[in-house]
Amino acid sequence: MKRILITGAAGFLGSHLCDRFIKEGYYVIGMDNLITGDLKNIQHLFKLENFEFYHHDVTKFVNIPDKLDYILHFASPASPIDYLKIPIQTLKVGSLGTHNLLGLARVKGARILIASTSEVYGDPLVHPQTEDYYGNVNTIGPRGVYDEAKRFQESITMAYHTFHNVDVRIVRIFNTYGPRMRLNDGRVIPAFIGQALRGEDLTVFGDGMQTRSFCYVDDQVEGIYRLLNSDYVYPVNIGNPDEITIKDFAEEIIKLTGTDQKIVYEPLPKDDPLQRQPNITRAKEILGWEPKVGREEGMKITYDYFKSLSNEELLKEEHKDFSGFIH
Ligand code: NAD
Ligand code: UDP
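A quick note: this is a predicted structure, and the numbers were derived from the prediction, not measured.

Novice: Explain the site of ligand 2 to me, please; I cannot follow it from the model alone.
Specialist: The local shell around ligand 2 holds 18 residues, among which T203, F205, R212, D272 and R276 are the closest. Residue Q210 places a side-chain N or O atom 3.1 Å away from an oxygen atom belonging to ligand 2. Within the contact set of ligand 2, an oxygen atom lies 2.7 Å away from a side-chain nitrogen or oxygen of R276. In isolation ligand 2 has 520 Å² of accessible area, and contact with the protein removes 94% of it. Those elements that provide at least two residues to the shell around ligand 2 are helix 5 (188–198) and strand 8 (202–205). Considering only residue class, the shell around ligand 2 consists of eight nonpolar, four polar and six charged.

Right under this line is the structure:
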């Protein structure tokens, strides 16, 4: 049985990846320090014989007994609210954490795939974003802690490939959504759905003319699965090119939820990218991948998930207490 370590396993993407690799017959080792994740996302896996979980912070030395064939490094805060609250941890997990996992990959002879992001393009001056665009990032702005950690992560990953011959893969993930996102993590989809369910107005930042392109989680997981199994070591964009302004998206949510909420406008956060759309030519050519789930279908599934949460969960302002993690 192939053995795979998935860091960030209790998070949104990590938990879906655990499900997929279990389904494919792998022995899955999940690892997470639960800083933004939640064990409820993987509790259904605990009874399985081919799953085990380590409660561990990957910025500390990582040790896995026995052989390891693959590593998926998905541990990192991912929402702007999270990485504003825990900037040092965000920098450390992208740098020290990645260094530890590359070292582990090297001693185990394992293939490692790291989760990079469209944020490496910053507030992009090239549209749509191709993998050969170098980006436009404010190193010392509020998003710098995330963007630069991810840029460093890509650099150290390529260095381990070049100098230590480690077998690497790099996915640049564009905004991905679906069940198990944290309701109050501040990202736009849980934010809007939560507001609609609580009967609050939808908060659009800026004039709402900034764009995003949303990818449903099953498509993202399929792209990552194919990339891991490919022989391509350079970055690959995985995302859905269907671009929409945030204002139009808020209107879609109002329609979807059947509520009569209004849109209210709040200031645009500093360095909020004004446009984002993946060019997925490389993924199509190398992986034969393209997204299959449209926004209407994906958002319906996601809305049903959030609707199924308890009232208590819905009304909680923020159920993550970071105080124990502040370094
Ligand atoms: P998430 O917050 O739901 O999951 C991240 C997980 O990593 C959490 O369970 C958290 O507890 C864990 N973690 C954080 N620091 C850790 C540490 N030091 N040690 C161990 N575990 C740690 O976020 P997500 O959306 O699932 O994102 C997962 C990965 O995908 C991240 O690397 C993120 O940068 C990347 N990504 C996600 C998106 C997206 O749209 N969801 C877009 C681009 C990139
Ligand atoms: N946004 C918004 N209202 C909210 C939350 C987010 O208008 O309540 C906007 C945000 O300013 C950004 C877009 O939605 O332009 C996507 O934000 P998100 O935090 O989901 O991810 P980002 O792509 O910015 O990392």
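Moving on from the coordinates now.
Novice: What is the right way to read the UniProt feature "domain: NAD(P)-binding" (unreviewed entry) in the protein chain from this model?
Specialist: Per the UniProt record, "domain: NAD(P)-binding" (unreviewed entry) is annotated on residues 5–301. End C-alpha to end C-alpha, residues 5–301 measures 28 Å, and it is 37% helix and 18% strand.

Novice: What should I look at first to understand the site of ligand 1 in this one?
Specialist: Every one of the 29 residues lining ligand 1 counts as a neighbour, but L13, D32, T36, Y146 and T176 are closest to it. Contact distances for ligand 1 include 3.1 Å between a nitrogen atom and a backbone N or O atom of N33. At a separation of 2.9 Å, a nitrogen atom of ligand 1 approaches a polar side-chain atom of D57. When the free accessible area of ligand 1 is taken as 820 Å², the share hidden by the protein chains comes to 96%. Those elements that place two or more of their residues in the shell around ligand 1 are helix 1 (12–23), strand 5 (111–117) and helix 4 (144–164). The element that contributes the greatest number of residues to the shell around ligand 1 is strand 5, accounting for three residues. Residues that form the shell around ligand 1 fall into these classes: 13 nonpolar, twelve polar and four charged.

Novice: I tried to follow the pattern of salt bridges on my own but got confused; where do I start?
Specialist: Pairing between side chains of opposite charge can happen when the charged atoms of each approach one another. Going through the model one piece at a time under the given rule, you end up with 27 salt bridges. One salt bridge connects R20 with E222, and the closest N-O pair in it is separated by 2.8 Å. With R20 in helix 1 and E222 in helix 6 (residues 217–228), this pair connects stretches of sequence that are 202 residues apart. Notably, a salt bridge pairs D304 with K307, separated by 3.8 Å at the nearest N-O pair.

Thresholds, definitions, all that
- Residues numbered from 1 in each chain as written.
- Chains lettered and ligands numbered in written order.
- Predicted model: local features only at pLDDT ≥ 70, side-chain atom pairs only at ≥ 80, totals over all residues.
- Heavy atoms only, no water.
- Near = heavy atom within 4 Å.
- Polar contact = N/O pair within 3.5 Å; in protein donor to acceptor, adjacent residues only side chain to side chain.
- Areas by Shrake-Rupley, 256 points an atom, 1.4 Å probe, with all protein chains shown as cover.
- Helix = DSSP H or I, 4+ residues; strand = E, 2+ residues; numbered from the N terminus.
- Nonpolar A, V, L, I, M, F, W, Y, C, P; charged D, E, K, R; others polar.
- UniProt positions renumbered as here; feature names shortened; annotations may be inferred.
- Salt bridge = Lys/Arg side-chain N within 4 Å of Asp/Glu carboxyl O.

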